[in-house]
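Working through the structure, step by step
The residues making up each chain are set out below.
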Amino acid sequence: MFDPTAFDNMKVVIEGALYDLDMSGEILVTDRNDWLNLAKMSRLFTISFGLRESRLPIHAKMELEARLNNLAAELLPESLSEQNAGCYVKLQFSLELPENQRDFYGLYKIFRNIWGETRKISQSVEYNPLEKSKNIRLVISIDFERIVKEEQMEDFAEMTEFMIATLQQLEEYGSGS
């Protein structure tokens with residue numbers, strides 16, 4: 001039997017919280033990936049979901065990543081600083097917008113109101129000029145830009161609530177409410 005890493009423990013907590021919400025009917029988990037990169041000795045876990053009753057193509061994705069230095073700091077504490085033990089967390093929200101709803105600053109304000117001033121929030125746009133529709137796909141990312149430690153695992157429940165609130169606000173925005 002092996003001792004699970006912080007990555008393993010955090011992944012189980014995230015999965016449990018999101019699948020509980022899926023089972024209660026509040027969200028719908030749409031994708032889940034658990035990758036081990038042997039070339040870089042890193043791990044990446046992603047889970048995507050949306051509101052179960054959503055009328056719009058809006059999704060959220062949580063990424064949890066442990067790089068070699070994070071895993072080594074935890075498994076070989078005598079060789080590296082234990083401050084590197086933990087994972088990186090990144091959140092992404094994607095939605096399609098029609099041509100008349102391209103208020104990128106308005107969307108930015110929604111994210112600032114929910115996630116606060118200290119988060120790095122970025123937006124990227126995907127557009128296919130060959131399609132007849134003039135819709136764009138917008139991906140908004142929240143990067144915490146720091147290592148999340150196992151001691152902060154209880155924050156994932158609150159983070160999940162913020163993600164759902166964000167999806168609800170995006171649903172209202174996309175519906176023109």
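Residues numbered from 1 in each chain as written. Predicted model: local features only at pLDDT ≥ 70, side-chain atom pairs only at ≥ 80, totals over all residues. Heavy atoms only, no water.

Considering the layout of surface pockets
When its volume is computed, the largest pocket comes out at roughly 200 Å³. As for the largest pocket, its lining consists of Ile114, Trp115, Arg119, Phe144, Arg146, Val148, Gln152, Asp155, Phe156, Glu158, Met159 and Phe162. Counting only elements with at least two residues in the lining of the largest pocket, the list comes to helix 3 (104-115), strand 6 (136-148) and helix 4 (155-175). For the lining of the largest pocket, the element with the most residues is helix 4, which contributes five residues. Across the lining of the largest pocket, the residue classes break down as seven nonpolar, one polar and four charged. In this structure, the second largest pocket occupies an estimated 150 Å³ of space. For the second largest pocket, the lining is made up of 10 residues, of which Glu74, Glu82, Ala85, Glu150 and Glu151 are closest to its centre. (1 Å grid on protein atoms, 1.4 Å probe; cavity = no way out; pocket = protein on both sides within 12 Å on 5 of 7 lines; lining within 4 Å. Points joined across faces, edges and corners; volume = space filled by probe spheres on them. Helix = DSSP H or I, 4+ residues; strand = E, 2+ residues; numbered from the N terminus. Nonpolar A, V, L, I, M, F, W, Y, C, P; charged D, E, K, R; others polar.)

A closer look at the confidence of the model for the chain
Looking at the chain, the pLDDT average stands at 89 and 95% of residues meet or exceed 70. Considering each helix and strand of the chain separately, the mean pLDDT is smallest for helix 2 (residues 68-75), with a value of 86, and largest for strand 2 (residues 42-51), with 97. (pLDDT = per-residue confidence, 0-100.)

What about helix 1 (residues 6-24)?
In a regular helix each residue adds 1.5 Å, so 19 residues correspond to 27 Å; helix 1 covers 27 Å between its end C-alpha atoms and thus fits that length. Immediately downstream of helix 1, the backbone of Gly25 shows phi near 90 degrees, a positive value. (Expected span 1.5 Å × (residues − 1).)

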